Every structure is written in structure tokens, then in C-alpha cells.
Amino acid sequence: MATTMARPAAVRQPAARRTLGARLRRTGVRNAVLFVGLGIFTVWTLFPILWIVSTSLKPDRDLYRKVSLLPSRITNAHYVEVLRETPFPTYFRNSFLVASATTVIAMVVAVLAAYAMTRLSFRGRGFVARATIVTYLIPPALLFIPLFQVAQQMPFTGQAAGLVVIYLIFAVPFSTWLAISYFNTIPSDLEDAAMVDGASRLRSLFTIFVPLALPALAVIALFTFTHAWNEFLFALLLIGRDSQKTVPIGLHEFVNGDVFAWGPLMAGSLIASLPPVLIYVLAQKWVVSGLGGGAIKG
Amino acid sequence: MAAIPGTERRPALLRTATPRSAVSRLLGRDWRIAWLFLLPLLLVLVGLVTYPFIAGIWLSLQRKVVGEPAAWVGLQNYRELLVGEQYAGTFWNSVRVSLTYTATAIAVKLLLGMAMALMLNERFRGQTLMRAVLFLPWAMPTIIVALTWRWIYDGSVAGLINFVRVEYFGQEELVQFLADPKLALWSVVTVAIWQGTPFFTMMFLAAMQAIPGEQYEAAALDGANVFRRFADITLPSLAPAITITALLSTIWTANSINFVFALTRGGPVNATMTFPMLAYEVGIAGARQLGLAAAVSVLFFPVFIVAIYILTKRMLSTEGRA
């Protein structure tokens, strides 16, 4: 009991002095500024999200005829419609498969490459590291015209599976770069001991490195998944048939039809936002502290 | 054991104890297994990035319409974009729009992101929850963000902003946020700011947490006020993070097509025609002139080379720190 009482105080003291407004703390000015500032930011951040929620739960009458901010009564009709009467479940499944496959392939490629670049001695290491970063930074907008042309001759085009190949453009350099950063923090004596034991390189990779870097690798995987889940442009360019569409293009077409079905659209949007948002809430701790260096999202 | 690929490389490892062969001296001790492990990465870098990149430059030198054979035209496409009768106006308009769009979005995201990070770096009750809430836009799929704002901007009284104006502020006139050429670009920029600010906040917050507290204590003892401490300690310490974040975001913001595509498709009268949108309209949607569209992208590339060069240097120098 005594320790639990003592600890927060001990921690809070230095931390409190560290912050910018520490001196204003007792004056109340700091609190007022924080309260107003964060209040404005919260409203600014949340109103579109609440509008999605509100729209998705309103009967059509509240949406178009007698408009209201909040639902006059809550209905699940839009959710039923989007799940039963549209191909949304198919889109969702396609997105899930594409994002999962992209993530798995990218992680394997990244772990192998990052191991080579942090633990093996060979000429050309610097060049490959530089090429990886440059590739990560090259914006896909510069590539989509030629890729569109190339993809038209490929066997996979038009199928969701073809998107996996395209998504590796972002996923592989990104995960490789982050994996290099994490592998660099793993002390090398661990591995030297394993070498004496006669473990092979590949075994040391999977028995020592991967388990040690597992939390980090999980975070990288979550980001890769989210990126593939959210991708729009290439899916739009390469997918035509309904059965192969992913969620972003599927939802976008809800709007381009003749009828603007905002209710089902917002219901679908809410469902489609859940995976990345949940992933992000779970990984939030590492987002701020761990992923410095700027390699976060494309 | 023997079934595990890579084990056959073991003799190469044992050889390190003995004098190295000429090949190993030249290529490095583990060159065989290293390049084997790098092979998948190299396939992606070469096959999916380098090849299309070169193919794009090649394509920009051809007259190529989808479904028809290509014809070599040299720099004709570039001439058409820069000084040609049909396209020059549109192209230079897209330069102006891209510049306004990117510069405004980056400047506002930087200011808002800094303000948010400074507040979130303070200690208060509910800090973790607050962070989670303010970071939400960043986690949402861009296309869903765009569609939601399209609904918020709706030009009828059903749109959120117009509804609030009419219902609570007594305005009569409905504002056409996306159809009015004077408002459309700012409406799209606003959406980019809404979603992009948390990334800046996150990067600044991470950098702020790395500043040693003693610096603030010393400054406080010297009687420096909040603003002095921000200018003398926080800002200089954040300089590298500001550079990296702004450059990364510049590349992404300028090249993203999603917001424009879903909100306005470049209209009204090209008021929001950023260059990726122009490339799409020229190459994919309308005339299907792939060569001309490729030239649009290639013309913009030099702008990003500078950003990519600086970022690559910075990221390589921070490599060890994770």
C-alpha cells in the first residue's frame, strides 16, 4: 500500500516540472487555456464522426424531409440495408483478404531483408538501405499511369488478388525500414551466442530475432494492414467487377449512383472505419513513443 | 535441420575464422546469404517501383491512347502541356492549384498540430482519452473521410453546415461549398487539414517527449516565461521533427488524389484540379491519353526530388536510434 501511494507522487514531480506550462499550473490560466483549446479541438475532431453516427441511425425522414441534428428515433434500417441488400459484405471480405495477404507477404520480405541489413556483412548495404527509403518516399501518384498500363497486361488484373501485388509497393519498403530500426536495437551478443551453438542464420532469425522483435513487428503489421485497408486509387483503377471490389471503391460508388443513399453509406462507412480505428486504439501507445523517424503512414 | 533453407551456407560462416577469400574480401563476408535474403525486397524495389518509374518516363515520350499502338513523339507531350494550345492552360492551372492546396494544408496542419501537441504534452486528467480522440481522424480511411465531408458540405438544407446556418443562424442562402469555384478548393483543403493534423501532432508529441526536463527547469529558474521557453527550448528541439514531418506530409498531400476525387473530381471549372487529378483525367477518364498523363507526373517529379533527398539523408542518420 505504501509503495502504491508513494509511486505516483515520485513520478509526477519531475514530470510536472518538465512541461511547458508548469509554472502557470497554480495560476489557473494554464487550466483555462487547456480547457478551451482542447474543447475546440474536440468539437472540430468529433463533429464529422458524430455526423456519421447520427446519419447512420436516423430514419430517412430526418435525413431529407424534416432534417434534424439528432435522430428523432433510432433505426437500424440503414445497417440492415447495407448488409443485406448491397454487396458490402463482399467488399468487406475482399478488403480483409487483400489487406491480410499484403501484410503477411510484406512482413516476410521485410524481416528477411532487415536481418540481412542489420546483421550480415556485405558490400552494397548502404545502397540497399538508401534505395529502400527512396522507394518508400516515391509517391504512387507518379507511378499510377505506367502501373495502370503495365497492369492491363497482367493476368491478375481485375481481381482483388492483383491489388496485393500493387500494395507491396508501399508495404514492403515501409515495413523493411521500420524492421531495420527495431533490429538495430537488439543487442548482437544474443545472436553471437547462438552462432557458437551452431544455429544457422535462418534459425537465429526465427528463434531469436523474430520473438524479440515480435511486439514491434506486430505494430508494423498493423500499420501495413491499415494502409492496404484504406487504399483507394489503385483499387479504383484496376478493379471493375463488383465481386472483386474492396470497401473504399464499393462505398464510393454508393454515392455515384443516381440516388444519394446517405443512410446506408454512412452505416457502411462506420463499419468500414472500425478495423483501422480499433487497430489504432490498440497500438496507440506505440504510435507516439515508438515510431519516430517519420515512417508512419503513406 | 537439413530441410531448413539456408543451412547449406554454414561453411561460409565457419570460413570467417580462416583467412578470407578474395571474393569475400570484395563482396563482404556474408554476401551470398545476404543477397539471398534481400532478393524478395529487390524484386519489389526493381519490379514494382524502378520499372514503372522508367516505364513512365518512356511512356511520356509516346503518343499512347488506351487500346491503340504507341507512337514515338519525343518531347511533343511536354510541349503540349507547357505551351500547347489545348492543354497548357489546364496544366499551369494545376500547378497553381497544387501549390495553393499543398502550401495551405501544410501550413495549417503545422500550426494546429503544434498547438494540439503542446496541449497534449501537458499533464491533465483524461490525457490518454484525449489523445485517442484527437488522433481518430488519422486512423479513418481517407475515402470515408471524403465522403463524410461531402455529406457535411451538401448544398441542400440536408447538409450539416447549411442546416446549421439556416436553422440556428437564420441564413437564407444555401452555400454551395463544392460547386462554387471560389469556395471549392478551400473546402477540399479543410478536409485535408482535418484528417492530416493528427499526424503532425503525433510526430511533434513524440519529439517533445524526448526533450530533457532539466532544460525547462533551468529556464524556469532563470525566470523565463512560457513563451520564452517555447521559443528557446521547445522550438529548437523540435526543428528536425518539424522538417521531417512537413516534408513527408508535403509529398503525401501533393500526391494524394482521394479528397479531390471524391469531393469535386477537379471541378468546378478546374478550381480543384491538382496535378494527380489532372493526370487521372487526361490518362484514365477522358481522352485516355496515357502518354500525356505520364508527362504530367514526370513534370512534377523534380519538385519532390529535393524533399526525397533531404528526407533520405535524415532517415539514414537516425537509423540506429529506432
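This one's a predicted model, so the numbers in the text were calculated from it and none came from an experiment.

Chemist: So what's going on with the overall build of chain B? Which residues, and what values?
Modeler: Scanning chain B from N- to C-terminus turns up 14 helices and two strands. A burial count over chain B gives 53% of its 322 residues as buried. When contacts within chain B are restricted to residue pairs at least 6 apart in sequence, long-range pairs at least 24 apart make up 62% of them.

Chemist: Tell me about the pattern of salt bridges, residues and numbers included.
Modeler: Side chains that differ in sign of charge can pair as their charged atoms come close. Taken as a whole, this structure holds seven salt bridges over all chains when the rule is applied. Of the charged contacts in the structure, one is a salt bridge between Arg-61 of chain A and Asp-62 of chain A, with a shortest N-O distance of 3.3 Å. You can call Asp-62 of chain A buried: its relative accessible area is 1%. Where Arg-63 of chain B meets Glu-80 of chain B, a salt bridge forms, and the shortest distance between an N and an O atom there is 3.5 Å.

Chemist: I'd love a proper account of the UniProt feature "transmembrane region" (unreviewed entry) in chain B, names of residues and values included.
Modeler: Residues and elements named next belong to chain B. Per the UniProt record, "transmembrane region" (unreviewed entry) is annotated on residues 33–59, 99–120, 132–152, 183–206, 238–263 and 290–311. As annotated, residues 33–59 comprises 100% helix and 0% strand, and the C-alpha atoms at either end are separated by 37 Å. Taken as a whole, residues 132–152 contains 90% helix and 0% strand, while its terminal C-alpha atoms sit 23 Å from one another.

Chemist: How would you explain unusual backbone geometry if you had to name every residue and give the values?
Modeler: Residues and elements named next belong to chain B. Cis geometry marks the peptide bond from Gly-267 to Pro-268, where omega comes out at -15°. A positive phi angle, close to 50°, is found at Arg-265, a residue other than glycine. With a phi angle near 40°, Val-269 is a residue other than glycine that sits in the positive phi range. With respect to the helices and strands, Val-269 occurs in the loop between helix H12 (258–263) and helix H13 (275–285).

Chemist: Describe the side chain of Asn-77 of chain B, naming the residues involved and giving the relevant values.
Modeler: Residue and element names in this part refer to chain B. Relative to the helices and strands, Asn-77 resides in helix H4 (residues 76–82). On the basis of relative accessibility, which here comes to 2%, the residue Asn-77 falls in the buried class. Those residues in contact with Asn-77, other than ones at most four positions away along the chain, are Leu-59, Ser-60, Leu-61, Gln-62, Gly-291, Leu-292 and Ala-295.

Chemist: Tell me about the interface of chain A and chain B, and name the residues and values.
Modeler: Contacts between the two partners involve 116 residues from chain A and, on the opposite side, 122 residues from chain B. Across the chain A to chain B interface the summed buried area is about 10,800 Å²; carbon plus sulfur atoms make up 76%. Inspection of the region where chain A meets chain B yields one salt bridge. Across the salt bridge formed by Glu-122 of chain B and Arg-30 of chain A, the nearest N and O atoms sit 2.8 Å from each other. At the junction of chain A and chain B, the tally comes to five residue pairs in polar contact (both at pLDDT 80 or more). When residues in the side of chain A that touches chain B are grouped by element, the largest group, 15 residues, is from helix H2 (residues 29–57) of chain A. Class assignment of the residues belonging to the side of chain A that touches chain B gives a composition of 74 nonpolar, 29 polar and 13 charged.

Cut-offs used in this document
Residues numbered from 1 in each chain as written. Chains lettered and ligands numbered in written order. Predicted model: local features only at pLDDT ≥ 70, side-chain atom pairs only at ≥ 80, totals over all residues. Heavy atoms only, no water. Helix = DSSP H or I, 4+ residues; strand = E, 2+ residues; numbered from the N terminus. Buried < 20%, exposed > 50% of the residue type's maximum accessible area, 1.4 Å probe, protein only. Contact = heavy atoms within 4.5 Å. Salt bridge = Lys/Arg side-chain N within 4 Å of Asp/Glu carboxyl O. UniProt positions renumbered as here; feature names shortened; annotations may be inferred. Buried area = accessible area lost by both parts, 1.4 Å probe. Polar contact = N/O pair within 3.5 Å; in protein donor to acceptor, adjacent residues only side chain to side chain. Nonpolar A, V, L, I, M, F, W, Y, C, P; charged D, E, K, R; others polar.

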